[in-house]
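Notes for the structure review
What follows is the residue order along each chain.
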Amino acid sequence: MSVSQTVRPPVGSKEGRRRWDVLVIGCGVMGSAVTYNLAKRGLRVLNLEKFGVNHRFGSSHGKTRIIRLAYYEDPRYVPLLRRAYDAWKEVESKSGKELLHITGGIMIGKEDGELIRGALKSAKVHGLHHDLLSPAEAEARFEAFTIGRGYLVLYERESGVLFAEGCVRAFVGLGSEAGGEFRFSEEVKGWKSGTEGVEVETSGGMHVADKLVVCGGAWNERLLKGVVPLQTERQVPIWFASRGEAKFAPPKMPVFIMEEKKDVFYYGIPDVGHGVKVGRSHGGVVGDPDGLSREVTESDIAPVREFVSRRLPKLDGPPIASTTCLYSNTPDGNFAVGQHPADQRVVVVSACSGHGFKFASVLGEQVAELATEGRTSIDISFLDPGRFRSE
Ligand SMILES: Cc1cc2nc3c(=O)[nH]c(=O)nc-3n(C[C@H](O)[C@H](O)[C@H](O)COP(=O)(O)OP(=O)(O)OC[C@H]3O[C@@H](n4cnc5c(N)ncnc54)[C@H](O)[C@@H]3O)c2cc1C
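This section reports on the structure supplied with the text. (Residues numbered from 1 in each chain as written. Predicted model: local features only at pLDDT ≥ 70, side-chain atom pairs only at ≥ 80, totals over all residues. Heavy atoms only, no water.)

1. Considerations on helix α8 (residues 360–373)
Taking 1.5 Å per residue as the helical rise, α8 with its 14 residues ought to reach 20 Å, and the 19 Å between its terminal C-alpha atoms agrees with that figure. Across the 14 residues that make up α8, a large majority, 12, are buried. What α8 keeps buried is the set A360, S361, V362, L363, G364, E365, Q366, V367, A368, E369, L370 and A371. Where α8 is buried, its residues meet α1 (29–40), α2 (78–95), α5 (164–177), β13 (205–214), β21 (336–340) and β22 (343–350). (Helix = DSSP H or I, 4+ residues; strand = E, 2+ residues; numbered from the N terminus. Expected span 1.5 Å × (residues − 1). Buried < 20%, exposed > 50% of the residue type's maximum accessible area, 1.4 Å probe, protein only. Contact = heavy atoms within 4.5 Å.)

Put into structure tokens, the structure is as follows:
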């Protein structure tokens, strides 16, 4: 990837340090999207990232992510999702790379479970098109699956796959073209807000700006000094060989989420060039982001392989790849995105809890609006980071 290093002349501060309109910490999908959107608005923006593009220590790597619309987590996400789809298509067209592949999606769960109840609620509130299928109907339509009795299947045609690493690359490339600067291997050591602006100390020196946007993923709790309580959870997706069989690729196989039983969720992505990706969502080891193991062991693979043998039994090829990835979970599972509760110069972006990637295109825009105009065009008040203050 070639990242243009075009830098606009910074305005000098009294001390002769470089001054920026906005500093952004972190270049995962959120930080890269925010930086692109700020640069597009003509702002002098510097992104500071302690590792490289698409490194494997955070949350945005691992080839692919699911995007879906009938959002079981909460209907309030749907207006954001509607804009997210259009914004991804705009980024795709500007970058000239395929970023979004619509495959259709199925959500499989008990009728009274969190997944089906929540997805139906969102579909009803927002009038979303969907089909409800019996397990037998779903198995006939999507032959890769063995669903079993006692479940209900909700199909939606809008679900699909985002090519995660391409998305980050597109934001970095377009952000650089728009005049944003990205500095990799530059770690933020600390920041403070004063009368002159926000001062950020890094391994490379000191930077000053009018505003700071913190997009540090699993390191946000540390960067934000505990303002957002976050639990970092290790996750291990596994890719299985599909032997090029059509039943494991779109359009025959959709993306899926299955709530096998209460609090036990698995998800999967059909073969879009890397094998079939399957993982358990949550249920992982919790710890410090720098202390969690990045080694994948047989004990990580075994439960996923057992799920595959129960629900995708014809997918009997070997695991061909795996990675570790981090969730940063808030206590209520919703993102924390908005103004820092104690500092008007700082915007907080903590959009994980295992489901944030799909929102990066729209949250990049909303956060750029918030940082420059002090308001957003889509309601994100339910994500207010200040809601954790009294906890
Ligand atoms: C296994 C897995 C599957 C997922 N599946 C889906 C899915 O299907 N659909 C979906 O929508 N979402 C999904 N998600 C969630 C999604 O990937 C995350 O919401 C998203 O990647 C979060 O991006 P981020 O930019 O906030 O974090 P990150 O990508 O972790 O970026 C944060 C960056 O900040 C940098 N940083 C931290 N501290 C500093 C510092 N002091 N100085 C400089 N840089 C710093 C880090 O190095 C890192 O690059 C999944 C997540 C995982 C782990």
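What follows picks up the thread again.
2. Let's talk about the side chain of S122
With respect to the element layout, S122 can be found in helix α3 (residues 114–126). A relative accessible area of 0% places S122 in the buried class. In this structure S122 touches A70, Y71, D74, P75, V78 and L128, once residues within four positions along its chain are discounted.

3. Looking at the packing of α1 against α8
Two numbers describe how α1 lies on α8: the axes approach to 8 Å, and their chain directions differ by 55 degrees. For the element pair α1 / α8, the angle class is oblique. Handedness of the α1/α8 crossing: right-handed. Facing V29, M30, A33, V34, N37 and L38 of α1, the residues of α8 in contact are A360, S361, L363, G364, E365, V367, A368, A371 and T372. Class assignment of the residues belonging to the contact of α1 with α8 gives a composition of 10 nonpolar, 4 polar and 1 charged. (Axes fitted to C-alpha atoms, helices over the stretch in contact; angles between N-to-C directions. Parallel < 35°, antiparallel > 145°, perpendicular 65-115°, else oblique. Left-handed = near helix turned anticlockwise from the far one by under 90°. Nonpolar A, V, L, I, M, F, W, Y, C, P; charged D, E, K, R; others polar.)

4. A few points about the environment of G386
With respect to the helices and strands, G386 occurs in the segment after α8. Its relative accessible area of 21% is what places G386 among the partly exposed residues. A C-alpha to C-alpha distance of 8.0 Å links G386 and Q339, two positions 47 residues apart in sequence.

5. Topic: empty space enclosed by the protein
All told, the structure shown has 2 cavities of 30 Å³ or more when counted by the stated rule. Approximately 60 Å³ is the volume attributed to the largest cavity. If you trace the largest cavity, you find it lined by Y36, N37, K40, R83, A87, E90, V91, K94, S361 and E365. Secondary-structure elements contributing two or more residues to the lining of the largest cavity are α1, α2 and α8. The element that contributes the greatest number of residues to the lining of the largest cavity is α2, accounting for 5 residues. Residues belonging to the lining of the largest cavity are distributed by class as follows: 3 nonpolar, 2 polar and 5 charged. Put simply, the second largest cavity is a space of about 40 Å³. Lining the second largest cavity are I66, R68, G105, I106, M107, S159, V255, F256 and I257. Residue assignment for the lining of the second largest cavity shows that the elements contributing at least two residues are β6 (105–109) and β16 (255–261). (1 Å grid on protein atoms, 1.4 Å probe; cavity = no way out; pocket = protein on both sides within 12 Å on 5 of 7 lines; lining within 4 Å. Points joined across faces, edges and corners; volume = space filled by probe spheres on them.)

6. Digging into unusual backbone geometry
Along the chain, P250 connects to P251 via a cis peptide bond; the corresponding omega equals 5 degrees. Position of P251 relative to the elements: it lies in the loop between β15 (238–240) and β16. One non-glycine residue, R243, lies in the positive phi region at around 55 degrees. With respect to the helices and strands, R243 occurs in the loop between β15 and β16. On the basis of relative accessible area, R243 is assigned to the exposed category, the value being 54%.

7. Digging into the site of the ligand
For the ligand, the set of nearby residues contains 36 residues, the closest of which are E49, H55, S60, C325 and A351. A351 places a main-chain nitrogen or oxygen 2.7 Å from an oxygen atom of the ligand. Computed on the free molecule, the ligand has an accessible area of 1,000 Å², of which 97% lies beneath the protein chains in the complex. Per-element tally for the shell around the ligand: the top contributor is strand β20 (residues 325–329), with 3 residues. Class assignment for the residues of the shell around the ligand results in 18 nonpolar, 12 polar and 6 charged. (Near = heavy atom within 4 Å. Polar contact = N/O pair within 3.5 Å; in protein donor to acceptor, adjacent residues only side chain to side chain. Areas by Shrake-Rupley, 256 points an atom, 1.4 Å probe, with all protein chains shown as cover.)

8. Some thoughts on the environment of K192
Positionally, K192 belongs in strand β11 (residues 188–194). Its relative accessible area of 54% is what places K192 among the exposed residues. Residues K192 and I238, spaced 46 residues apart in sequence, show a C-alpha to C-alpha distance of 41 Å. Non-local contacts of K192, meaning those with residues more than four positions away in its chain, are made with G197, V198 and E199.

9. Some points on the sheet that holds strand β19 (residues 319–322)
The pairing of strands in a sheet happens through backbone hydrogen bonds and is either parallel or antiparallel. Here 8 strands make up an open sheet; going across it, the order is β7-β8-β6-β16-β17-β18-β15-β19 and the pairing mixed. Because the sheet does not close on itself, it has two edges, and the strands there are β7 (131–133) and β19. This sheet shows a mean twist of 20 degrees between the axes of neighbouring strands, independent of strand direction. Direction of pairing for β7 relative to strand β8 (residues 152–156): antiparallel, over a ladder of 3 bridges. (Pairing = 2+ DSSP bridges.)

10. A short note on the side chain of H207
On the secondary structure map, H207 appears in strand β13. In this structure H207 comes out as buried when scored by relative accessible area, which is 4%. There is a polar contact of 2.8 Å between the side chain of H207 and the side chain of E186.

11. Digging into the nonpolar core
One finds L38, L80, W88, V213, V337 and F359 to be the most contacted residues of the largest nonpolar core, which totals 73 residues. Excluding its chain neighbours within four sequence positions, the residues that come into contact with F359 are Y71, Y77, L80, L81 and F335. Residues L133, I147, V276 and F307 belong to the second largest nonpolar core, which totals 28 residues. (Core = buried A, V, L, I, M, F, W, Y, C linked by side-chain atoms within 4.5 Å.)

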